[in-house]
Structure formats: C-alpha cells, structure tokens
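Structural description and commentary
Here is how the chains run, residue by residue.
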Number of protein chains: 2
Amino acid sequence: MLAGGVGAARFLRGLITSTDPASLTIIVNTADDDRFFGLAVSPDLDTIVYTLAGLAPRGRGWGLAGDRFECLAALGRLYGGCGWFRLGDRDLATHIYRTDRLAAGAALSTVTAEISRAFGVTARVLPMSDQPVRTVLGTDRGRLSFQRYLVAEGARPVVRTLRYRGAARARPAPGVLRAIREARAVIIAPSNPFLSIGPILAVPGVRAALTARRGPVAAISPLVRGRAVTGPLARLLRRFGHPVSSVGIARCYRPFLDMLVIDRRDRDDAAALERDGCRAIVTDTVFSTARRAARAAQTLLMALEIS
Amino acid sequence: MLAGGVGAARFLRGLITSTDPASLTIIVNTADDDRFFGLAVSPDLDTIVYTLAGLAPRGRGWGLAGDRFECLAALGRLYGGCGWFRLGDRDLATHIYRTDRLAAGAALSTVTAEISRAFGVTARVLPMSDQPVRTVLGTDRGRLSFQRYLVAEGARPVVRTLRYRGAARARPAPGVLRAIREARAVIIAPSNPFLSIGPILAVPGVRAALTARRGPVAAISPLVRGRAVTGPLARLLRRFGHPVSSVGIARCYRPFLDMLVIDRRDRDDAAALERDGCRAIVTDTVFSTARRAARAAQTLLMALEIS
C-alpha cells in the first residue's frame, strides 16, 4: 500500500480485519515530516503505526487515543505559545525516540521499524525514503510547509504551486522498490494524490517500478461526489487541471492504475473510467467506521483475487 | 549562593522568604548534567529554578509537583526499559526546550535565563559554566557518571576517585566571577562539597575569586551529627581524608570560608571550627519545612549583617 495519513488510516482499519497485517507492506509519505521544538515528527508514519497498533483515536486523524497534553502546555509556556501543532504526552515519546535515533545516525527506515516493533505492529511500515523530502506549497500567503498550510492555516490559502523539495536527490528507502515489484497487488490508499501520494511517486524509481510491474495496481478514490472525504483535495484537482471526480483521481495515477474503488454515488463515473482503461469497483467509500472500511477492503481484495 | 540540587533547594525555600529573590544570584553545579533519550537534562539547575518558582514537590528533590509520567512510560516501551531516571511530562518540556536551544547554538546560561523567565523566577540563576563539565566517579563497580552512581546505583558503589571531566578547559559562565566578587555575601548551600560544590570550585577562576573577595563567605553544613541530611556525603569525607563532621566540611572550603552554619546537635564543634579560623553559627539545619529553613536563613543573614 502507498499511504498518506488520515485517509489511508481510515481504510487500513478495515483492511487489517480482512487480511493478515503481516502480509502488508505500507510505503508511507514522509514529505509532511517536520521539526517541532527540535523534535523530528513524521505525522503520516505515526498515524499509520498508531492505527496498525489499534491506538489511534476514533475522532481525529493524529496522535494516540486518550493522550494528554501536559508537556505541550509546558512547551507553550517556554516557547511563548506556538501550540498550533498538537503533540500528546505519549506521542511525544515517539518523536523524542526518533530524534535521538536519527541524531545517532540511524536511518528513518530503521527507526520506523524499531517504533513499529515497540508498538507490536506486524505489518512492514516503510518511509518512502530515508532522505528528507519536503512538500512546499506556493500560496497566496507565501511559501508554506505542508503542516503550516494544513494545520496552522486550515488549508485556506490558495495553492499556486506544489514542490517536493529534495525528491530528485532522494532514494527509495530499502525495501520500497522490491515491495512494489513483488507485491501481489499494490493499493494506493484514499489519500490526497498531490499532498500524500504525489511525494511517494516523486521519489526516483517509484513511478517506474509501478509502471513496470505486472500485477494489479488499485487505488481507492478519496472523493465522493466531487468532495474530498478529508482535506483540500477538490481545489487542488481543479488547480492542476483535473476533473474534480473519480476520473480526475484515476488520471493522477496514469498510466499504472488498473482499477479504482469508487463510491456508489459516483457509479456514473464507471463508464468514463473504463474508457480511460481503468476498471471501476463500486462500493461504499465513506469509511466512518472500521466495519465500513472492512467491507470496502473485502470488495477490493476480491476484485484483486486475493481473498 | 553556590548551589547543588536538593540540599540547596531546601535551604533556598527559606532564604527566599527572608530576602528579596531578585537580590540573589545562584551559581549552580552543572557537572551532574546528562543526556537522557537524547535530551539535555540539568538536574541541579532545574531543581533550583522549580524551587524558586514554587513548583518543586514537597516530598522529593527533583521535578515538578503533580507532574505525571505518561511520556516516560512510553519512552520506556520504545527504549525497552531504561526508566531509572524519572522525567515528568511537564518537566520534559524544559529538557526539550533546552536541547532545542543548545542545538541552535545558544549558551546554557542564555537558555537558563530564558527558562527562569518563563517560570517567573526573579533571582538570577547561572550555570557554573557554559562548557560541559562532568563528574566521573571511579568506583568498585567501574567508572560511573554522577546520575548513574546516585540514581541508578543508589550511591551504593564505593567511590575511589572523583574527577570533574572538562573542568580545566571550562570557563565560568558570564556573570559568575563578577557575582562572587561583588556580592555582599557568598553563601555556600548545604550541598555535597565533593559532588555539588566541588565542580563549581573546579572551574578555573572561581576559587581565586572566592579567596580574593573581601566580604564574607558562609557555608551551611549539610551534616548533622556526622550524617548527611541527603546523599552519600559521610563516606566521601572519610574517603578523602576529612573528619566526618562540620570541621571536615569547613576544611573543604578552606581558605576562603569565614563562617559555617551548624546544627545545634553539633554545637560542640564550634570551638574546633573557631580554632580553624571559621566562625560557627548554631541553629537548626534540618530544613524539613520552609519555615525551618527560613529561621536558619534569618539567623545567617543576621550574622552576615544583611538583615
């Protein structure tokens, strides 16, 4: 699976009830990684690991369920505010550990494997790259990092340009290309194609590996009736000249996409998708509960002839 | 005041009720500083700042009152144990801030001033030096850092040698020598002369400044009837050839000590002290409450002709 954060996690909650998590390799966007208070934070990696560990909260797409914010409040007093990025007390341990290990010279992929193991996660979670890649958005309010755009500015600024800084010099993390080549199926999570999956595809070698593989590549559309289930996707599709629909999503993943999971309410898109050479799998894609996600996952796994 | 951690803090609780904290400069031992989980921890500086802020717990000599240990528990899971050094959730914010600022190139004295300000502390708290100095104990269980000796090993190993690594190359932090020269009185806190005050005296220039100043230098004995109020002092005095008594303490601070505050139960030591050229101030030196510490502080300030 290629995954971002929240959207991917919602689908994953269902997928892991339908298949052995140990059979999964999840290649995660790291272009939203950032430093807060000097600590190395990898929001998407953590969301995926916490979700796989069953410790992600139900109501929100980040952090650990039931976490408190004592340390963050104290940091706010020391830094004079600056609390726009929320880090819970137990969540902070992950960032302290990651920062410590990276400073000691460990690769992000090694550290991620260690964190996964500590959380009892059996799926293999890989960062897309051990080299830093950063999504930089050119907006009407200036150049913004992804976290600042999404969290501090509430995704309100108008995006004009999108750049994955460092991507050209990055290498896929160990295991990424092999997993793409050898997996029975590649699933692209219902994440934002520009902000979450785009950075993974921008790592040299990833797009070629997807195009070269013989087994199927499936994506789950993060749109329902032209609206993103989470985040600022519709405006980005429009900005970058794609239809704001499942068809637009499929075009983001041309030429390697074989099938797209779309919502029942978008079933009329199926014909257009098929014309583009992409098979449409129609189901319910609003993964408000793990059970709904599980149903969609089962439908997809059947289409992929895996279950 | 020259200060270590716990012992100094107990006396300080009383001193600040007897004199304006803004008139105090506290020069603090940093030879117990250490890294835990990659974070820069300065136990004595924090104990002093938290005490001055009125946020130190009553029952123990470290951390913040009412602090929780959610993050530490999570760190323990990531590091596979290693919880012998206790760091609370709000306390951790101080270490995260310090680590971040030091990594950005700020001096420890600058960071300490920032932390003091954030905690509303009006006294000037100075690290003894901006350069790292580390107490290393040669023991029957090998070479140990101070924290490992005291906290992990419960001060049980037999100490053979004591070294303040880095002291010869260290410089007094900005303001340290001037404060020693210009203060109306220098007070040496009831801290361990070897483990807490020794490192401060080992910073080049400090001992000379104390010897050269004209105003009084007073110390409070950390011993009552040959027993340390806190910590492993008696064995260290014996090991380094001093009497295990107020007289031994006074000899640690020769030749610059003018007066020593001793407990009523040690009043028989007064004559020997006077023979050594040191005036004895007899009072109650078990600072189990802030009120007891205040009484001793008032007695000392009167002897120093400050109040």
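This text follows the structure it describes.
The sections below set out a description of the structure shown in this document. (Residues numbered from 1 in each chain as written. Chains lettered and ligands numbered in written order. Predicted model: local features only at pLDDT ≥ 70, side-chain atom pairs only at ≥ 80, totals over all residues.)

1. Focus: the overall build of chain A
On a plain count of helices and strands, chain A comes out with 13 helices and 14 strands. Relative to a compact globule of 307 residues, whose C-alpha radius of gyration would be 19 Å, chain A shows 18 Å and is just as compact. Counting only C-alpha atoms and orienting by the principal axes, one finds that chain A spans roughly 60 × 45 × 40 Å. Of all 307 residues assigned to chain A, the portion counted as buried reaches 50%. (Helix = DSSP H or I, 4+ residues; strand = E, 2+ residues; numbered from the N terminus. Rg over C-alpha atoms; globule rule 2.2 N^0.38 Å. Buried ≥ 20, exposed ≤ 12 C-beta atoms within 10 Å, placed from the backbone.)

2. Observations concerning the pairing of strand E6 (residues 134–139) of chain A
Residues and elements named next belong to chain A. Here E6 runs beside strand E8 (residues 159–165); their pairing, made up of six bridges, is antiparallel. What sits directly across from Gly-138, in E8, is Thr-161. As judged from the four bridges shared by E6 and strand E7 (residues 142–145), these two strands associate in the antiparallel manner. From the neighbouring strand, Leu-137 faces E7, where its bridge partner is Leu-144. Taking the residues that link successive antiparallel strands as the turn, the E6-E7 hairpin has two residues. (Pairing = 2+ DSSP bridges.)

3. Concerning the packing of helix H4 (residues 89–103) of chain A against helix H3 (residues 70–79) of chain B
At a minimum axis separation of 7 Å, H4(A) and H3(B) run at an interaxial angle of 40 degrees. Considering their axes alone, H4(A) and H3(B) lie oblique with respect to each other. By crossing handedness, the relation of H4(A) to H3(B) is classed as right-handed. In this structure, H4(A) uses A:Asp89, A:Arg90, A:Leu92, A:Ala93, A:Thr94, A:Ile96 and A:Tyr97 to contact H3(B), whose residues at the interface are B:Glu70, B:Cys71, B:Ala74, B:Leu75, B:Leu78 and B:Tyr79. Grouping the constituent residues of the contact of H4(A) with H3(B) by class yields nine nonpolar, one polar and three charged. (Axes fitted to C-alpha atoms, helices over the stretch in contact; angles between N-to-C directions. Parallel < 35°, antiparallel > 145°, perpendicular 65-115°, else oblique. Left-handed = near helix turned anticlockwise from the far one by under 90°. Contact = placed C-beta atoms within 7 Å. Nonpolar A, V, L, I, M, F, W, Y, C, P; charged D, E, K, R; others polar.)

4. Things to note about the interface of chain A and chain B
Counting residues at the interface gives 23 residues for chain A and 23 residues for chain B. For the side of chain A that touches chain B, the elements supplying multiple residues, two or more each, are helix H3 (70–79), H4 and helix H5 (108–118) of chain A. Tallying contributions element by element places H4(A) first for the side of chain A that touches chain B, with ten residues.

5. A closer look at the relation of the copies chain A and chain B
Superposition of the two copies of the chain requires a rotation about an axis together with a shift along that axis. The two copies are related by a screw motion: chain A maps onto chain B through a turn of 180 degrees and a shift of 0.0 Å along the axis, at an RMSD of 0.0 Å. Expressed as an axis order, the relation between the two copies is that of a two-fold axis. It is A:Asp89 whose C-alpha, among those of chain A, lies nearest the rotation axis, at 3.2 Å. When you check the interface residues of chain A against chain B, 100% turn up at the interface there too, and the contact is symmetric in its surfaces. (Least-squares fit on C-alpha atoms with pLDDT ≥ 70 in both.)

6. Let's talk about the sheet that holds E6(A)
All names here are of chain A. What the three strands build is an open sheet, ordered E7-E6-E8; its pairing is antiparallel. A strand with exactly one partner marks an edge of an open sheet, and here the two such strands are E7 and E8. When strand polarity is set aside, the average angle formed by the axes of neighbouring strands in this sheet is 25 degrees. Together, E6 and E8 form the strand contacts of helix H8 (residues 193–202), whose direction differs from that of E8 by roughly 40 degrees.

7. Focus on the nonpolar core
Grouped together as the largest cluster of nonpolar side chains are 194 residues, with contacts concentrated most on A:Ile27, A:Ile48, A:Leu260, B:Ile27, B:Ile48 and B:Leu260. For B:Leu260, the residues in contact, after removing those within four places along its chain, are B:Ala219, B:Ser221, B:Ser246, B:Ile249, B:Ala250, B:Leu273, B:Cys278, B:Ala280 and B:Ile281. (Core = buried A, V, L, I, M, F, W, Y, C linked by C-beta atoms within 7 Å.)

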